[in-house]
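Spelled out, the chains give:
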Amino acid sequence: LLYFRVAANFGADWAEDVCSLERVGILPAGTLSVEFMLFAEYCQLALALVEIWVTSARARREAELSLLAEEAGVAAPKLLSQ
């Protein structure tokens, strides 16, 4: 999961940077194909889906830890300080 997250982030950032070069005029207009622009958008979509997956996994883990702490009788401030 970590490697896929890094790969999605790298691909999305790289594709977005190349597209930005054309938008600001460093690359002439029309240099990038429509397919490359779609690739950049799909990379952003993959990154968003990975981030949703990672966030939901982290939230689930935090909920499990909170439940275990409540069952063990650990106070919330003490749990947060660890």
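Residues numbered from 1 in each chain as written. Predicted model: local features only at pLDDT ≥ 70, side-chain atom pairs only at ≥ 80, totals over all residues. Heavy atoms only, no water.

**Thoughts on the overall build of the protein**
Line of reasoning, step 1. When its secondary structure is counted, the protein shows 3 helices and 0 strands.
Line of reasoning, step 2. Listed by position from the N terminus, the elements making up the protein come as α-α-α.
Line of reasoning, step 3. Per-residue burial over the protein gives 18% buried out of 82 residues.
Line of reasoning, step 4. Taking the contacts inside the protein whose residues are at least 6 apart along the sequence as the reference set, 53% of them involve residues at least 24 apart.
Line of reasoning, step 5. On the protein, roughly 6500 Å² of surface is accessible, and the fraction owed to carbon and sulfur atoms is 65%. (Helix = DSSP H or I, 4+ residues; strand = E, 2+ residues; numbered from the N terminus. Buried < 20%, exposed > 50% of the residue type's maximum accessible area, 1.4 Å probe, protein only. Contact = heavy atoms within 4.5 Å. Areas by Shrake-Rupley, 256 points an atom, 1.4 Å probe, with all protein chains shown as cover.)

**With respect to the state of the cysteines**
Line of reasoning, step 1. All told, the structure shown has 0 disulfides when counted by the stated rule.
Line of reasoning, step 2. Cysteine C19 is unpaired, with the sulfur of C43 as its nearest cysteine sulfur at 9.5 Å.
Line of reasoning, step 3. With a relative accessible area of 2%, C19 lands in the buried category. (Disulfide = S-S within 2.5 Å.)

Any functional reading would require information that these geometric values do not contain.
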